[in-house]
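Here is how the chains run, residue by residue.
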Amino acid sequence: MIRLSYDRGTILIRGGRVPNAYWDSRLNAYRALAVYYSDIVDYLKRSRIDFSDNVLDLVPCPVFSSTIQLRDYQEDALNAWLKAGKRGVIVLPTGAGKTIIALKAISILGEPTLIVVPTLDLMDQWRSQLTDEFKIKIGSYGGGVHELEPITVATYDTAYLRAEELGNRFTFVIFDEVHHLPAPGYANIGEMLVAPYRMGLTATYEREDGLHSELDRLVGGKIFELTIGELAGKHLADFVLEKIVVELTPEEKEEYEKVYKIYLDYLASTNISLKSPKDFRKLVMRSGRDPRAREALLARHRARVIALNASSKLKVLGDILRKHVGERILIFTEYNDLVYAISRRFLIPSITHKTPKNERVENLDKFRRGKYNILVTSKVLDEGVDVPEASVGIILSGTGSKREFVQRLGRILRKKGNKSAVLYEIITKATSEVAISRRRRTALEA
């Protein structure tokens, strides 16, 4: 008879060999990553091999009752996940109610559930919604707290550190913002959990480094997707994109051209062609041993800062704010210095990664309640922050990332009545920012 047991994020197999297992001479047993637990059990059952299973040590679980009513496309997403064997990734735009689908899945399965999220803010949001829906105590693993309950929410950082401890306590795991999971280190979370039922949630499935291919193994592949264009107007707010082009001042232009030439000259002299993110990473690695490469990268960064922080953008920003007086507005920038400059000039509350948690929570709460109509931020609000009332977004600067663009657009698309949203994109003429804008807008072409 084959005997299965759990050991620090792995399955120990004694008495025989199974697929995906390797020999551990220290224990005279085979060992497999916990992610293969359900495959191992299925193999033994199909092969009619006698086995004992002592892997699971589940958190005692009550019956979950739910009154959630799904929209038609949410129902379609949930059914697609159920038909895929209760595994896979659901891709829906920000504001389309991915969390609601997950809550419904929890109530249907009635299994001990672990939810993994990227930030403490998101952990608090999930715990609040779960408490409201199921009226039970919700566990937390994050921010120094380690409380295990039938439904537990953990940050990726804490789940990574405690994967061995959590690995056999749950049969259902939900990865929110699942595009984080394939990152080096975080992938171990998926590997060290035995949970046979897995759901990934994201607005943007693909990663620029290509590691999203790992999601098929860790969660299950993409099983349902709807784009912003497919939902806008009916389930998300109608929206328009307006691009405004500004020019550098003569002084800014002179400095930009000088430093950018240093960068271009280095590329030309070394025949380096940057056709992919991988090529750029090679250039970064080269800068560690080549002083000229380092000088070129610093020059590129300086040129980027000049373009993204062009002083004329603030005049255009003032015009937009006057045009939308009384509306709920989010302003996005790439760098904190511009956040603080806008905050001082226009007396607008700001949020950056340096903002103390209490102040961040207070600013967001006042924004939701209408005491503040405008917030300016760098990257903190790009992902996972629930700001349902915003109808105007202003991108003063950012990267060429499709994910960042979709997430920023999603901040203003939550449906409310006949609300129509507008996203302004302010870019600097004749700079690298033109190409940045072109790259991120391809997110809407699908």
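Just so it is clear, the model here is predicted, and its values are computed rather than measured. (Residues numbered from 1 in each chain as written. Predicted model: local features only at pLDDT ≥ 70, side-chain atom pairs only at ≥ 80, totals over all residues. Heavy atoms only, no water.)

**Q** Teacher, can you tell me more about the nonpolar core here?
**A** One recurring pattern in soluble globular proteins is that nonpolar side chains are buried together. Counting residues in each nonpolar core, the largest one holds 52 residues, and the members touching the most others are Ile-106, Trp-126, Leu-130 and Met-199. Sort the elements by how many residues they give to this core and helix H3 (residues 98–109) lands first, with 6 residues. Contact partners of Leu-130, with chain neighbours within four places excluded, come to Leu-103, Ile-106, Ile-115, Lys-135, Ile-138, Ile-151 and Val-153. Core analysis: the next-biggest nonpolar cluster, separate from the first, contains 23 residues, Leu-181, Ala-187, Tyr-205 and Leu-215 among them. (Core = buried A, V, L, I, M, F, W, Y, C linked by side-chain atoms within 4.5 Å. Buried < 20%, exposed > 50% of the residue type's maximum accessible area, 1.4 Å probe, protein only. Helix = DSSP H or I, 4+ residues; strand = E, 2+ residues; numbered from the N terminus. Contact = heavy atoms within 4.5 Å.)

**Q** Can you walk me through the sheet that holds strand S14 (residues 238–246) in this structure?
**A** Think of a sheet as strands paired side by side through backbone hydrogen bonds, with each pair either parallel or antiparallel. Taken in spatial order, the 6 strands of this open sheet run S14-S19-S18-S15-S17-S16, and their pairing is parallel. Strand pairing shows two members of the sheet lacking a second neighbour, S14 and strand S16 (350–351), which therefore form its edges. Pairing between strand S15 (residues 329–332) and strand S18 (residues 392–395): 4 bridges, direction parallel. Bridge pairing in S18 links Ile-331 to Ile-394. Helix H13 (residues 312–323) contacts S14, S15, strand S17 (374–377), S18 and strand S19 (420–428) of the sheet and is inclined by roughly 165° relative to S19. Helix H17 (residues 433–441) rests against S14, S18 and S19 of the sheet, and its axis sits at about 150° to S19. (Pairing = 2+ DSSP bridges. Axes fitted to C-alpha atoms, helices over the stretch in contact; angles between N-to-C directions.)

**Q** Looking at this structure, how should I read the pattern of salt bridges?
**A** A side chain of one charge can pair with a side chain of the opposite charge when the charged atoms of the two come close. Scanning the entire structure with this criterion turns up 29 salt bridges. In this structure, Lys-137 and Glu-149 form a salt bridge, with 3.9 Å as the shortest nitrogen-oxygen distance. You can see Lys-137 sitting in the loop between helix H4 (120–134) and strand S8 (139–142) and its partner Glu-149 sitting in the loop between strand S9 (145–147) and strand S10 (151–155), a full 12 residues away along the chain. Residue Lys-137 is classed as exposed on the basis of its relative accessible area, which comes to 52%. For Lys-222, the salt bridge identified is with Glu-206, shortest N-O distance 3.4 Å. Linking Lys-222 in strand S13 (residues 222–225) with Glu-206 in the loop between strand S12 (197–202) and helix H8 (215–218), this pair joins segments that are 16 residues apart in sequence. For Lys-222, a relative accessible area of 33% corresponds to the partly exposed category. Salt bridges sharing partners connect three or more residues here, namely Asp-7, Arg-8, Asp-24, Arg-26 and Arg-31. (Salt bridge = Lys/Arg side-chain N within 4 Å of Asp/Glu carboxyl O.)

**Q** Mind showing me how you'd approach the packing of helix H11 (residues 277–286) against helix H12 (residues 291–308) here?
**A** Running from N to C, H11 and H12 cross one another at 120°; their axes reach a closest spacing of 8 Å. Looking at the two axes, H11 sits oblique to H12. Side by side, H11 and H12 meet where Phe-280, Leu-283, Val-284 and Arg-286 of the first sit next to Ala-293, Leu-297 and Arg-300 of the second. A class-by-class count of the residues in the contact of H11 with H12 yields 5 nonpolar, no polar and 2 charged. (Parallel < 35°, antiparallel > 145°, perpendicular 65-115°, else oblique. Nonpolar A, V, L, I, M, F, W, Y, C, P; charged D, E, K, R; others polar.)

**Q** Help me out: how do you make sense of the environment of Leu-264 in this one?
**A** Considering the arrangement of structural elements, one finds Leu-264 in helix H10 (residues 250–270). Given a relative accessible area of 40%, Leu-264 falls into the partly exposed group. It is 22 Å that separates the C-alpha atoms of Leu-264 and Ser-397, two residues lying 133 residues apart in sequence.

**Q** Help me understand the side chain of Thr-377 in this model?
**A** The residue Thr-377 is located in strand S17 in this model. Exposure remark for Thr-377: the relative accessible area of 0% places this residue in the buried category. There is a polar contact of 2.8 Å between the side chain of Thr-377 and the backbone oxygen of Ile-351. Apart from the residues lying within four places of it in its own chain, the contact partners of Thr-377 are Ile-331, Phe-332, Thr-333, Val-339 and Ile-351. (Polar contact = N/O pair within 3.5 Å; in protein donor to acceptor, adjacent residues only side chain to side chain.)

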